[in-house]
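Read off the chains here:
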Amino acid sequence: MRRVSILGATGSVGQSTIDLIARAPECYDVVALTGGQNIARLAADARALGAEIAVTADEALLPELRAALDGSGVEAAAGRAALIEAAARPADWVMSAIVGAAGLAPGLAALEQGATLALANKESLVTAGPLVMAAARRSGARILPVDSEHSAIFQALVGEEISAVTRVIITASGGAFRDWPLERLARATVAEASSHPNWDMGQRITIDSASMFNKALEMIEAREFFGLTPAQIEVLIHPQSLVHALVGFNDGALMAHVGPPDMRHAIGYALHWPERRALPVAALDLGAVGVLEFRAPDEARSPALRLARVVMEEGGLAGAIFNAAKERALDHFIVGRIGFLDMAPLVEAVLERMLAGPDAARGDLTLDRVAHMDHLARECADVVARDIKQQG
Ligand code: NDP
């Protein structure tokens, strides 16, 4: 029996992970499931899987969670410290699928206890990549990528030397607004941005796909995970979302990973690694697909990609600033305070102010400094959002 925990169990990736685990309950001992607001889902899954503990991030929801778990034998807990404690419970495999910077500390706790970390929470590597990789080295824990593009790169690298890699190409569907003219993008609504043409994902990553901030995060994630230089990382628009990434080698070969847009593939690969096992994923009929298209992204439409390069060149705490500003820009867009096209200028303004400011981002990378920069960047983002609203 493998002891497994799922952080962010009530979300899109968490639910796909549970789908795979629930198909073979005899193979898994479920230690911890964590969630946020969705107490009914968290309690139902904790009961069904016989988890040791269920944790909600929201302390105010603890009475509701306790009531929902009454008589089940599952422990209930709440709050940030409880999340970290649950992630630190001995387990063989931990899925890190909390959304946003909130996933960093629980993921680190899982790594520190030596569990294999299946990493969907790309924000961990964007905000504190060197700290996350160092924690894994210290404990001997393994990190397996779950983001489909990074899982694709990881799979294309099996049996290869990283020194032979000249480039990686991360594909992007282009999200909900791929073919919209810029004038229309300025008026895009939250509902329009929340629907993805190919993938079924949580609302925040879906909007980040439309704005290309998701791809920007993935570029930084690839740099941190695979130790690439910024110049080695390319992005291509690929509307079909079937080729998830390509790895280029020094002999000119490009190894592409092709598969249907179903997260259970990348999750299953991380769950069963180093073996490949059958998964409930549809076989791809390339004859029916017919055409696979690729085109270079238009950086004028996607300033997020340019900002990702600034962050990669800058290093240090720039990723923490970028991610926090991006998370707040998204919050402000979701509540209607700023428009869709205001998000990138907001993030850029925060980056410029903070990289030039007294708390210069070029200092040592420590967890405390990451948290401090995250806090300052969110405050700065709120000021910039107010300015944008007043001007608008
Ligand atoms: P969802 O929004 O669907 O789920 C997020 C999960 O995190 C939920 O369990 C949610 O709880 C929980 N959560 C939200 N806020 C907090 C918080 N402050 N503290 C602790 N837990 C919290 O997200 P996704 O599943 O789409 O994405 C999860 C991560 O995986 C993200 O980093 C995303 O970028 C990455 N990813 C997602 C992919 C996808 O296909 N969805 C693909 C590749 C990567 P609740 O819902 O109960 O409030």
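Every chain is numbered on its own, with residues counted from 1 as its sequence reads. Selection of residues for local features in this predicted model requires a pLDDT of at least 70, selection of side-chain atom pairs for listing and counting requires 80 or more, and totals for whole chains, interfaces and linings are taken over all residues. The side-chain quantities take in all heavy atoms of the structure and omit both hydrogens and water.

A. Representation of the site of the ligand in the model. Near is defined per residue: the residue qualifies when any heavy atom it owns lies within 4 Å of the molecule or strand. Close to the ligand lie 25 residues, the nearest being Thr10, Ser12, Gln37, Glu123 and Asp147. With respect to the ligand, the side chain of threonine 10 contributes an N or O atom lying 2.7 Å from an oxygen atom. Per-residue accessibility takes into account occlusion by the displayed protein chains alone, with areas from the Shrake-Rupley method and a 1.4 Å probe. In the complex, 83% of the free accessible area of the ligand, which totals 900 Å², lies under the protein chains. Grouping the constituent residues of the shell around the ligand by class yields 12 nonpolar, 10 polar and 3 charged. Pairs of N or O atoms are called polar contacts if they sit within 3.5 Å, as long as, within protein, a hydrogen donor faces a hydrogen acceptor (for residues adjacent in sequence, only side-chain-to-side-chain pairs). Here the term charged refers only to Asp, Glu, Lys and Arg, the term nonpolar to Ala, Val, Leu, Ile, Met, Phe, Trp, Tyr, Cys and Pro, and the term polar to all other amino acids, Gly among them.

B. Focus on the packing of aromatic side chains. Centres within 6.5 Å make a pair out of two Phe, Tyr or Trp rings, where for Trp the six-membered ring is used; the pair is then stacked when the planes are under 30 degrees apart, edge-to-face when over 60, and tilted otherwise. Counted by the stated rule, this structure contains 8 aromatic pairs. Ring centres of phenylalanine 154 and tryptophan 273 lie 6.4 Å apart, and the angle between their planes is 55°; on these two criteria the pair is classed as tilted. Note that phenylalanine 154 is positioned in helix H7 (residues 148–156) and tryptophan 273 in the loop between helix H12 (263–272) and helix H13 (286–289), a separation of 119 residues in sequence. When accessible area is computed with a 1.4 Å probe and restricted to protein chains, residues below 20% of their type maximum are described as buried, those above 50% as exposed, and intermediate ones as partly exposed. The exposure class assigned to phenylalanine 154 is buried, which follows from its relative accessible area of 15%. What links up through ring pairs into an aromatic cluster is the set Phe154, Phe225, Phe226, Tyr269 and Trp273. We call a charge positioned above a ring when the Lys NZ or Arg CZ atom is no farther than 6 Å from the ring centre and deviates by at most 35 degrees from the ring normal. The side chain of arginine 184 reaches across the aromatic face of tryptophan 180, ending 3.6 Å from its centre. Each helix is a run of H or I in the DSSP string that is no shorter than four residues. Each strand is a run of E no shorter than two, and both are numbered from the N terminus.

C. Main features of the sheet that holds strand S9 (residues 233–237). What makes two strands pair is DSSP finding at least two bridges between them. With mixed pairing, 4 strands are arranged side by side in an open sheet as S9-S8-S10-S11. At either margin of the open sheet sits one strand with a lone partner, and together these are S9 and strand S11 (254–258). Direction aside, the axes of adjacent strands within the sheet are offset by 20° on average. The pairing of strand S8 (residues 165–172) with strand S10 (residues 243–249) spans 5 bridges and is antiparallel. Each bridged residue has a counterpart across the sheet, and for valine 165 the counterpart in S10 is phenylalanine 249. Whether two residues are in contact is decided by their heavy atoms: any pair within 4.5 Å suffices. The angle between two axes is taken between their N-to-C directions and runs from 0 to 180 degrees, where each axis is a line fitted to C-alpha atoms and a helix contributes only its stretch in contact. Set on the sheet, helix H11 (residues 213–226) makes contact with S8 and S9; between it and S8 the angle comes to about 155°.

D. Quick peek at the pairing of strand S2 (residues 28–35). Extensive coverage of S2 is indicated by the burial of 7 of its 8 residues. Pairing of strand S1 (residues 2–7) with S2 involves 4 bridges; the strand directions are parallel. Of the residues in S2, the one forming a bridge with arginine 3 is aspartate 29. For the segment spanning S1, helix H1 (residues 12–22) and S2, crossover handedness is right-handed. With helix H2 (residues 39–49) bridging S2 and its parallel neighbour strand S3 (residues 53–56), the resulting β-α-β unit is right-handed. We call a crossover right-handed when, viewed with the strands running away from us, the connection from the first strand over the helix to the second turns clockwise.

E. Expanded view of the sheet that holds S2. Spatially, the 7 strands line up as an open sheet ordered S4-S3-S2-S1-S5-S6-S7, and their pairing is parallel. Either end of the sheet is taken by a strand with one partner, and the two such strands are strand S4 (75–78) and strand S7 (143–145). Neighbour to neighbour, the strand axes of the sheet diverge by 20° on average, direction disregarded. On the sheet, helix H4 (residues 80–88) packs against S1, S2, S3 and S4 and is oriented at approximately 145° with respect to S3.

F. Summary view of the side chain of lysine 326. Along the chain, lysine 326 falls in helix H15 (residues 318–334). Classification of lysine 326 as buried rests on a relative accessible area of 4%. Non-local contacts of lysine 326, meaning those with residues more than four positions away in its chain, are made with Asp208, Phe213, Leu217 and Val347.

G. Here's a closer look at the side chain of threonine 34. With respect to the element layout, threonine 34 can be found in strand S2. Excluding residues within four positions of it along the chain, threonine 34 makes contact with Ile6, Leu7, Gly8, Ala9, Thr10, Leu42, Val55, Leu83 and Ile98.

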